[in-house]
Amino acid sequence: MIEIGRVVVKVAGRDAGKKGVIIDILDDKFVLVDGETRRRKANILHIEPLNQVIKIEKNASHEAVAKALEELGIKARQTKPKTQKPKAKRKTPEQLRKLKEEKRKLRDIFKPKKKEEAQGIKETTLEDKAGLAEAKEEKHEHGHKEDKPKEKKTAPKKTTKKKE
Amino acid sequence: MPAPRLRSRSLRKVFRRVPGGRTSIHYKRKKHKQARCGNCGAVLKGVPRELPYKMRSMAKTKKRPERPFGGVLCSRCMRRNIIDKYRQ
């Protein structure tokens, strides 16, 4: 019953219920099966021989088996061609620099207020300084009284706020 | 006296020794019965007996054997079925 070219049905495992052909007899227990099933070693106890026999060479290729089985109306298993995924390459230092720059730009976009405030503070301080400087100059110009310059000090601050 | 919702027999009691030394009762859901063959009634192997929340996180391939009628028929009955079909 068990010979090369004998059509069999697998009875156990993942390929159970699928038809195939014996391609090779490996042992007193094991045979090589191909067809609807995967091309693999199978125990004799795990196959059920049918009454059909195909003319096929020992260790025939999967294509030859597929052709032979087409005559019987059995479609052999077709595996998808393995497509290798492109490996993720390491980024070069230049690319890393560019990424960093982009991140910085994004940061600038999302944190505009703080920077503006900081700039504003700086400006005010500068202006204050300028105002103070002017006040000092005025002190020298007007006289030596202590009460007047205090008022003047407050005045320029107000003006700066208005400017803003 | 436990809360009324815990007095049902649909929950099982689990006695737990707490760090303080006393035993407290935890109420847990019962597991379902073992899966059985639809033909002969034999206990199916490779079908886990877990609560639904654990079954949900399990992969499909871990929940039943990867063969025709896996998780429904035992391997013997499945083989018998196939052989009968082709011997006619």
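Keep in mind that what you see is a predicted model, and the values were worked out from it rather than measured.

S.K.: Sorry, what's going on with the overall build of chain B here?
M.R.: Of the regular secondary structure elements, chain B holds two helices and two strands. Reading the helices (α) and strands (β) of chain B from amino to carboxyl end gives β-β-α-α. When each of the 88 residues of chain B is scored for burial, the buried share is 9%. Considering only residue pairs separated by 6 or more positions, chain B has 24% of its internal contacts joining residues 24 or more positions apart.

S.K.: Quick question: what am I supposed to make of the overall build of chain A here?
M.R.: Scanning chain A from terminus to terminus reveals four helices and five strands. Of the regular secondary structure in chain A, the N- to C-terminal order runs β-β-β-β-β-α-α-α-α. In chain A, the proportion of contacts linking residues at least 24 apart, taken out of those at least 6 apart, comes to 47%.

S.K.: Would you mind going over helix α1 (residues 62-70) of chain A with me for this structure?
M.R.: Note on helix geometry: an α-helix contains 3.6 residues per turn, so any two residues three or four positions apart are oriented the same way. Residues and elements named next belong to chain A. Of all the residues in α1, the buried ones are Val65, Ala68 and Leu69. Down the axis, α1 shows its buried residues gathered within 95° of arc, on one side only. Exposed positions of α1 whose direction lies more than 90 degrees from the buried face are Glu63 and Glu70.

S.K.: What is the right way to look at the environment of His32 of chain B in this model?
M.R.: You can see His32 of chain B is positioned in the loop between β2 (23-29) and α1 (52-57). Along the primary structure His32 of chain B and Glu50 of chain B are separated by 18 residues, whereas in three dimensions their C-alpha atoms are 7.4 Å apart.

S.K.: Even after reading the chapter, I still don't get the interface of chain A and chain B, so can you show me in this structure?
M.R.: Put simply, an interface is often sized by how much accessible area is lost when its parts join up. If you look at the interface, chain A gives nine residues, while chain B gives nine residues. Of the residues that constitute the side of chain A that touches chain B, the class distribution is five nonpolar, two polar and two charged.

S.K.: Could you clarify how one ought to interpret the nonpolar core in this entry?
M.R.: Soluble globular proteins tend to bury their nonpolar side chains together. Core analysis: the biggest nonpolar cluster contains 21 residues, and Val21, Ile22, Ile23, Val33, Ile47 and Val65 of chain A together with Met78 of chain B have the highest contact counts within it. Listing elements by their share of this core, those giving two or more residues are β1 (6-10), β2 (19-25), β3 (30-35) and α1 of chain A together with α2 (75-87) of chain B. What Val65 of chain A contacts, discounting residues up to four positions off in sequence, is Val21, Ile23, Asp34, Gly35, Ile56, Ala60 and Ala76 of chain A.

S.K.: Sorry if this is basic, but what is going on with the confidence of the model for chain B here?
M.R.: Close inspection of predicted coordinates is inappropriate for parts of the model with low pLDDT. When the pLDDT values of chain B are averaged, the result is 93; 100% of them are 70 or greater. For this predicted complex, the interface score ipTM comes out at 0.77, alongside a pTM of 0.60.

S.K.: I tried to follow α2 of chain B on my own but got confused; where do I start?
M.R.: The terminal C-alpha atoms of α2 of chain B lie 18 Å apart, and with 13 residues this matches the ideal 18 Å at 1.5 Å per residue to within 8%. Turning to α2 of chain B, its buried residues number three or more, namely Ser75, Met78, Arg79 and Ile82 of chain B. End-on, the buried residues of α2 of chain B take up no more than an arc of 100°, which puts them together on one face. Away from its buried face, by an angle of more than 90 degrees, α2 of chain B presents the exposed residues Arg76, Asp84 and Arg87 of chain B. Packing partners of the buried residues in α2 of chain B comprise β1 and β5 (47-53) of chain A.

S.K.: Where do I start with the environment of Leu11 of chain B in this structure?
M.R.: Residue and element names in this part refer to chain B. Mapped onto the elements, Leu11 comes out in strand β1 (residues 11-17). For Leu11, a count of 15 C-beta atoms within 10 Å puts it in the partly exposed group. As for Leu11 and Arg29, which are separated by 18 residues in sequence, their C-alpha atoms are 4.9 Å apart. Aside from chain neighbours lying at most four places away, what touches Leu11 is Leu6, Tyr27, Lys28 and Arg29.

S.K.: Honestly, unusual backbone geometry in this entry has me stumped. Any pointers?
M.R.: Across residues other than glycine, the phi torsion is negative in most instances, and most of the peptide bonds are trans. One non-glycine residue, Asn59 of chain A, lies in positive phi territory at about 55°. Position of Asn59 of chain A relative to the elements: it lies in the loop between β5 and α1. The phi angle at Phe69 of chain B is positive, at roughly 65°, despite the residue not being glycine. Along the chain, Phe69 of chain B turns up in the loop between α1 and α2.

S.K.: How should I be thinking about the sheet that holds β1 of chain A in this particular structure?
M.R.: Two pairing modes exist for strands in a sheet, parallel and antiparallel, and in both the strands are linked by backbone hydrogen bonds. Pairing is antiparallel in the open sheet, where five strands are placed in the order β4-β3-β2-β1-β5 (chain A). In the strand order of this sheet, the two ends are held by β4 (40-43) and β5 of chain A, each with one partner. Neighbour-to-neighbour, the strand axes of the sheet open up by a mean angle of 45°, direction not taken into account. Examined bridge by bridge, β3 of chain A and β4 of chain A share four bridges and lie antiparallel to one another. Pairing of Val31 of chain A across the sheet is with Ala42 of chain A, part of β4 of chain A. Lying over the sheet, α2 of chain B contacts β1 and β5 of chain A, oriented at roughly 15° with respect to β5 of chain A.

Conventions we followed
- Residues numbered from 1 in each chain as written.
- Chains lettered and ligands numbered in written order.
- Predicted model: local features only at pLDDT ≥ 70, side-chain atom pairs only at ≥ 80, totals over all residues.
- Helix = DSSP H or I, 4+ residues; strand = E, 2+ residues; numbered from the N terminus.
- Buried ≥ 20, exposed ≤ 12 C-beta atoms within 10 Å, placed from the backbone.
- Contact = placed C-beta atoms within 7 Å.
- Arc of directions from axis to C-beta.
- Nonpolar A, V, L, I, M, F, W, Y, C, P; charged D, E, K, R; others polar.
- Core = buried A, V, L, I, M, F, W, Y, C linked by C-beta atoms within 7 Å.
- pLDDT = per-residue confidence, 0-100.
- Expected span 1.5 Å × (residues − 1).
- Pairing = 2+ DSSP bridges.
- Axes fitted to C-alpha atoms, helices over the stretch in contact; angles between N-to-C directions.

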